[in-house]
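Structural overview
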Amino acid sequence: MTQHAESALRADRPQPASADDHARSADWWRDAVIYQVYPRSFADADGDGMGDLPGIRARLPYLAELGVDAVWLSPFYASPQADGGYDVADYRAIDPMFGSLPDAEALVDEAHALGLRVIVDLVPNHSSDRHEWFRRALREGPGSPLRDRYHFRAGRGEHGELPPNDWESIFGGPAWTRTEDPDGTPGEWYLHLFAPEQPDFNWQHPAVHDEFRSVLRFWLDTGVDGFRIDVAHGLVKAEGLPDMGSAGQLQLLGTQQLPFFDQDGVHEIYRDWRRVLDEYPGPRIGVAEAWAPSPERTALYVRADELHQAFNFHYLSTDWDAGQLRAAIDESLTSLGAVGAPATWVLSNHDVVRHRTRLGGGLRRARAATLLMLALPGSAYVYQGEELGLPEVLELPDEARQDPSFFRDNGQDGLRDGCRVPIPWEEHGPSYGFGPDGSWLPQPDGWGALSVAVQTGDPESTLEFYRAALRLRRDHDDLGAGAPLEWLDAPDGVLAFRRGGLVCAANTRAEPVAWEPARGRVLLASAPYAGGELPGDTVVWWQAEATEGTGA
Ligand code: NOJ
């Protein structure tokens, strides 16, 4: 069957239940709240200590009830798991550890029946070193045409003993590993911007383009609503792979130009993919994981004929400081507005220290940061467990850690296992309800006190706070993609704005401030709020009383 015949058939698969009555259906992605599931750590149905697709399926009603619009699943493809599944050996197969293809199809259908969209992860910068192409490239030796699909090069130095250039891996150490020829002698080197088990594809090769168009269609045919594109800024490397020279140890979010990131050539790929996405009833979306040097460069990924959204790592990297936040918000809205794309906002994901810990103000500040984020125009990302107020787990024993950056010197990503500790669903039990047995990373003692079961129904809990915020955000016409943001005058340390009839104020200082932006009805506060002074590390939403010129 041709791809097209197949996709026409699959177009009959159930679409999100709310699609008909959801006024924003065609533009759902412009203000969606998208919940990231890290499959290893979400829910374990089969008791092997590792989360899986049946586990996620069983918890979809929880996500629907939480009030998110879409679920983004980190990779569940066949993988040796050298980097938590971001090392894909087969882009069309499910790793048996996570389940089967029918499980994935059922997950998509069941999510749709609950009104949830599904976004899957696509990893096009590199494959696993166990991918068939790379295995053949190694096996067949120098001159194999399969080597042209990756970056194989002779080494420098008299005997080729030095890497071909000075690039460094994001996980630390050189970005090159030397191969052994089939006769056992030292051979060519290959490029890997991440772990040695993640060889970079050569996007100058047409077979790589063909393969990824086909992979996109494969998943679109199962009914997925979009893709989160891993390392979207890295696919194209500067011609000739020049040394990076004085740029020094690379930073994921730095302002310097690097010969392997954010090259202009990547945009042609996304224009091509956009045509594929647009072939399907939808819209089906592409979300760029692009660590570009500036908000303006990030905005290039979401021009009208490219991808739909890009993660806002500039916002994620901003301190809890009114001035810095205001600047980051303004820059984001301006640069994205210029290309007609919605802003996105994110505070936590599987690669960074959870915001409860990172922002330095504990749960109180984390809740405030969340309520501020959810008031901003555009779309927001929520990482599993932040709705429970989970902290970063800092005390993991070294022998339990699995993050490849832990095992390589000077890894930029630092220690990422602490935000990947499995979710507590129940107060008690061997893995606090994560599964029938243990969990792949140890959960701290008392983790169950933060569980879904304990927090459900407790109006003071962080879970009920997220539910309330998401409900308000969905129901309030001025939130999401609604009214434009207008800044209000506020004392130092306070950020205040109006969106139509909604007023939001954030006190980013630890001390209370005697200030109230306007008379109005409190809709929600991130901490107890009695009116009058605005407590420290607190965000409040008000419904403003109608006054002249507010439109409220
Ligand atoms: C970004 C992913 O989020 C991260 O987890 C992964 O290690 C790298 N890309 C490499 O795929």
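Note that the coordinates shown come from a computational prediction; the quantities given were computed from them, not determined experimentally.

Some points on the nonpolar core
Of all hydrophobic cores here, the largest spans 139 residues; its most connected members are Leu 63, Trp 219, Phe 227, Tyr 270, Trp 273, Tyr 315 and Leu 372. Among the elements that make up this core, the one with the highest residue count is helix α11 (residues 362-375) (seven residues). Excluding residues within four positions of it along the chain, Trp 273 makes contact with Leu 122, Pro 124, Trp 203, Phe 212, Leu 216, Ile 229 and Leu 235. Residues Trp 167, Phe 171, Ala 195 and Leu 258 belong to the second largest nonpolar core, which totals 16 residues.

A word on the sheet that holds strand β15 (residues 494-499)
In space, the five strands of this open sheet follow the order β14-β15-β16-β18-β17, with antiparallel pairing throughout. Strand pairing shows two members of the sheet lacking a second neighbour, β14 (486-487) and β17 (520-525), which therefore form its edges. Across five bridges, β17 lies against strand β18 (residues 538-544) in antiparallel orientation. The partner of Arg 521 across the bridge, within β18, is Gln 543. Contacting β14 and β15, helix α9 (residues 322-338) runs over the sheet at an angle of about 35° to β15. Set on the sheet, α11 makes contact with β15, β16 (502-507), β17 and β18; between it and β18 the angle comes to about 35°.

So, the site of the ligand
Surveying the vicinity of the ligand reveals 14 residues, the closest of which are Asp 83, Arg 228, Asp 230, His 350 and Asp 351. Measuring from an oxygen atom of the ligand, one finds a side-chain N or O atom of His 350 at 2.8 Å. Contacts to the ligand include Arg 416, whose side-chain N or O atom sits 3.0 Å from an oxygen atom. Of the residues contributing to the shell around the ligand, the split by class is four nonpolar, three polar and seven charged.

Things to note about the domain arrangement of the protein chain
Quoted interface sizes are often the accessible area lost when the parts come together. Examined at the domain level, the protein chain breaks down into domain 1 (3-126 + 206-471), domain 2 (132-191) and domain 3 (483-544). Distance between the C-alpha centres of domain 1 and domain 2: 31 Å. If you look at the interface, domain 1 gives 27 residues, while domain 2 gives 18 residues. Roughly 1,700 Å² of surface becomes buried between domain 1 and domain 2 when both sides are summed, with 61% attributable to carbon and sulfur atoms.

Points about the sheet that holds strand β6 (residues 152-153)
As summarised here, the arrangement of the three strands in space is β6-β8-β7, forming an open sheet in which the pairing is antiparallel. Strand pairing shows two members of the sheet lacking a second neighbour, β6 and β7 (176-180), which therefore form its edges. Across four bridges, the pairing between β7 and strand β8 (residues 186-191) is antiparallel. Its bridge partner being in β8, Arg 178 is matched across the sheet by Trp 189.

Concerning the packing of aromatic side chains
Given two aromatic rings, their pairing is described by the distance between the two centres and the angle made by the two planes. Per the stated rule, a full pass over the model turns up 32 aromatic pairs. On the basis of an interplanar angle of 80° and a centroid distance of 5.1 Å, the ring pair of Phe 218 and Trp 219 is categorised as edge-to-face. With a relative accessible area of 2%, Trp 219 lands in the buried category. With a centroid separation of 5.4 Å and an interplanar angle of 75°, the aromatic rings of Tyr 270 and Trp 273 are classed as edge-to-face. Of this pair, Tyr 270 and Trp 273 both sit in helix α6 (residues 266-278), three residues apart, which is roughly one turn of that helix. Neither Tyr 270 nor Trp 273 differs from the other in exposure class; each is buried. Chaining the aromatic ring pairs together yields one cluster made of Tyr 91, Trp 133, Phe 134, Tyr 150, Phe 152, Tyr 190, Phe 201, Trp 203, Phe 212, Tyr 270, Trp 273 and Tyr 301. Sitting over the face of the ring of Trp 425, Arg 59 holds its NZ or CZ atom 4.0 Å from the ring centroid. In this structure, Arg 367 packs its charged tip against the face of Phe 465, placed 4.4 Å from the ring centre.

Each value, and the rule that gives it
- Residues numbered from 1 in each chain as written.
- Predicted model: local features only at pLDDT ≥ 70, side-chain atom pairs only at ≥ 80, totals over all residues.
- Heavy atoms only, no water.
- Core = buried A, V, L, I, M, F, W, Y, C linked by side-chain atoms within 4.5 Å.
- Buried < 20%, exposed > 50% of the residue type's maximum accessible area, 1.4 Å probe, protein only.
- Helix = DSSP H or I, 4+ residues; strand = E, 2+ residues; numbered from the N terminus.
- Contact = heavy atoms within 4.5 Å.
- Pairing = 2+ DSSP bridges.
- Axes fitted to C-alpha atoms, helices over the stretch in contact; angles between N-to-C directions.
- Near = heavy atom within 4 Å.
- Polar contact = N/O pair within 3.5 Å; in protein donor to acceptor, adjacent residues only side chain to side chain.
- Nonpolar A, V, L, I, M, F, W, Y, C, P; charged D, E, K, R; others polar.
- Domains from an automatic or database assignment.
- Buried area = accessible area lost by both parts, 1.4 Å probe.
- Phe/Tyr/Trp six-rings, centres within 6.5 Å; stacked < 30°, edge-to-face > 60°.
- Lys NZ or Arg CZ within 6 Å of the ring centre and 35° of its normal.

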